[in-house]
Amino acid sequence: MIHVAVLGYGTVGSGVVEVIENNNAEVSVKAGEEMHVKYILDLRDFPGDPYEDRVVHDFQIILEDAEVSVICEVMGGVGAAYQFTRQALEAGKSVCTSNKELVARHGAELLEIAKNKNCSYMFEASVGGGIPIIRPINKALTAEKLENISAILNGTTNFILTKMEKEGADYGETLKRAQELGYAERNPEADVEGYDACRKIAILSSLMVGKNVNAEKIYTEGITKITPADFAYAGAAGMTIKLLAFSRADENGRVTAMVAPAMISREHPLSVVNDVYNGVFVKGNMLGDVMFYGRGAGKLPTASAVVSDVIDCARHIGRSSIVCIWEREEAELTDISETERAFFIRAAADAREAVEAAFPEGRSLTVEGREKDFGFLTAVMKEKDFEERYSGLGDRVLNRIRIA
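Calculation rules
Sequence positions are assigned chain by chain, starting from 1 and proceeding in written order. Two thresholds apply to this predicted model, a pLDDT of at least 70 for residue-level local features and 80 or more for giving and counting side-chain atom pairs, whereas whole-chain, interface and lining totals are computed over all residues. In computing side-chain properties, one takes all heavy atoms of the structure into account and sets aside hydrogens as well as water. For two strands to be treated as a pair, DSSP must find at least two bridges joining them. Only DSSP runs of H or I covering at least 4 residues are called helices, and only runs of E covering at least 2 are called strands; the numbering of each starts at the N terminus. It only takes one pair of heavy atoms within 4.5 Å for two residues to be counted as in contact. Every axis in this analysis is a line fitted to C-alpha atoms, fitted for helices over the stretch in contact. Angles between the N-to-C directions lie between 0 and 180 degrees. Residue exposure (1.4 Å probe, protein chains only): buried if accessible area is under 20% of the type maximum, exposed if over 50%, otherwise partly exposed. For crossovers, right-handed means that the path from the first strand over the helix to the second runs clockwise, given strands pointing away from the viewer. Aromatic pairing here means that ring centres of Phe, Tyr or Trp (its six-membered ring) are within 6.5 Å. Orientation follows from the plane angle: under 30 degrees is stacked, over 60 is edge-to-face, and everything else is tilted. The rule for a charge over a ring is simple: NZ of Lys or CZ of Arg within 6 Å of the ring centre, and within 35 degrees of the ring normal. Think of a salt bridge as a Lys or Arg side-chain nitrogen and an Asp or Glu carboxyl oxygen that are within 4 Å of each other. We define the nonpolar core as a collection of buried residues of types Ala, Val, Leu, Ile, Met, Phe, Trp, Tyr and Cys that are connected through side-chain atoms lying within 4.5 Å of one another.

Visitor: I keep staring at the sheet that holds strand β4 (residues 68-73) and nothing clicks. Help me out?
Guide: What links the strands of a sheet is backbone hydrogen bonding, and the strands pair in either a parallel or an antiparallel sense. One open sheet holds the six strands; their spatial order is β3-β2-β1-β4-β5-β6, and the pairing between them is parallel. Whereas interior strands pair on both sides, the edge strands pair on one side only; in this sheet they are β3 (55-56) and β6 (121-122). Here strand β2 (residues 35-41) pairs with β3 via two bridges, running parallel. Looking at β3, one finds that Leu41 is bridged to Val56. Where helix α13 (residues 299-314) meets the sheet, its contacts fall on β1 (2-7), β2, β4, β5 (94-97) and β6, and the angle it forms with β5 comes to roughly 165°.

Visitor: Any chance you could explain the pairing of β5 here in plain terms?
Guide: Note on strand geometry: in a regular strand, side chains alternate between the two faces of the sheet. Judged by which residues are buried, β5 turns out to be covered on both faces: Ser94 and Cys96 on one side and Val95 and Thr97 on the other are all buried. In this sheet, β5 lies alongside β4 in parallel orientation, the contact comprising four bridges. By the bridge assignment, Glu73 is partnered in β5 with Thr97. As a crossover connection, the stretch from β4 through helix α4 (residues 80-90) into β5 is right-handed. As paired elements, β5 and β6 share two bridges and run parallel to each other.

Visitor: Help me out: how do you make sense of the packing of aromatic side chains in this one?
Guide: Geometrically, a pair of aromatic rings is defined through the distance of the ring centres and the angle of the planes. All chains considered together, the criterion is met by 11 aromatic pairs. Taking 5.2 Å as the distance between ring centres and 10° as the angle between the ring planes, the aromatic pair formed by Tyr277 and Tyr293 counts as stacked. With Tyr277 in strand β11 (residues 277-284) and Tyr293 in strand β12 (residues 288-295), this residue pair connects regions lying 16 residues apart in the sequence. By relative accessible area, Tyr277 is classed as partly exposed at 26%. For Tyr293, a relative accessible area of 47% gives the class partly exposed. Over the ring of Phe374 we find Arg352; its NZ or CZ atom is 4.3 Å from the centre of that ring.

Visitor: So what exactly am I meant to see when it comes to the side chain of Thr302 here?
Guide: Mapping Thr302 onto the fold places it in helix α13. Here Thr302 falls in the buried class, since its relative accessible area comes to 7%. If we ignore the near neighbours within four places in the chain, the residues touching Thr302 are Val12, Ser98, Ala125, Gly129, Gly130 and Ala297.

Visitor: Sorry, what's going on with the pattern of salt bridges here?
Guide: Opposite charge on two side chains permits pairing when their charged atoms draw close. Tallied over the full model, the rule gives 34 salt bridges. In this structure, Arg346 engages Asp230 in a salt bridge whose closest nitrogen and oxygen atoms are separated by 2.7 Å. With a gap of 116 residues between them, Arg346 in strand β13 (residues 340-348) and Asp230 in helix α12 (residues 228-236) connect regions that are remote in the sequence. Judged by its relative accessible area of 7%, Arg346 falls in the buried class.

Visitor: Sorry if this is basic, but what is going on with the nonpolar core here?
Guide: Nonpolar side chains tend to gather and get buried jointly when the protein is soluble and globular. Of all hydrophobic cores here, the largest spans 98 residues; its most connected members are Ile62, Tyr121, Leu204 and Phe359. Sequence-distant contacts of Tyr121, that is, excluding residues within four places in its chain, are made with Thr85, Leu89, Val95, Thr97, Leu102, Val103, Leu110, Leu111, Ala114 and Ile322. Counting residues in hydrophobic clusters, the runner-up holds 31 residues, among them Met35, Val37, Val306 and Ile311.

Pasting the structure below:
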């Protein structure tokens, strides 16, 4: 019998228990042995819960129980979650997690410990929630030299942007609706400022190049400045706006990574990824383009991905099932000021002459009924050159968005 412990009995943790218990026959067959949730670690009690008798408050009980071979860390954060994960791996217990913050910060270190202790550290649910992406990169695409990844990695922001585009609602109104529906936290900063997507693209980038990509060094910008007016001009240009996480590796292994709102063509596959859905668009040098699509969050989709890792660990008790290359050596990140792209500018109507003078190779966009502002698309140029010209326009420019 495979005995499992779940650390954290919140949304995802309760989902993990539900998946294992409700799908126990299927899960056990695929694991090769019957699977049983022996412990649930939480600071709280859960009177009346069907699994209240499995709740414990002391991690040492789990750590010292030789029967427990797989642990699901779904606590979140990098404090106790890091401490417990490290202790478990040092004790030879495999750990499966959905904790993108912990994986982004300590993934390389924890993978190294797991390999040395003949156990596994698995994190399929940390990036795409229920979307398989870690395993495909580590297994199905191992013959590829991955060249770049473009992705929509946060369901909250994608929901907000979708509603802004479809309904013409402003950011604040749509955020409130997302919170009421449970798609956004009371404090939505990690989502709307792009930090969640940044951690996820850091993980994917690290797997792409085999070295550690530091999330804290990735340029990150959120969606709080996007308005319905920006969507109106994007539509006039045959584009839409998404919070895009992007990463590219050059021939020397240097990484260009960024998280920022971007206008993308209606012909791009990511343009039709709407509402709370996520999409990951990967380009390999032999395969070409491939896309992964589905629910990037949610109780049961995320829990399902965690349990898929538990099954993998159960098949490899006493040995590591890790096939990815993610060394602790830090990858070199390029300076985004040297990267090239076109930009969208929205400016006050009386700034047209100044904008056209600053960007003579660009073109204006018009939207019927909009007389107080106008849109403008620049030519492709380096970020630093754009910022120099843009900053000289003063407060008559209302917004700027990169074009992917």
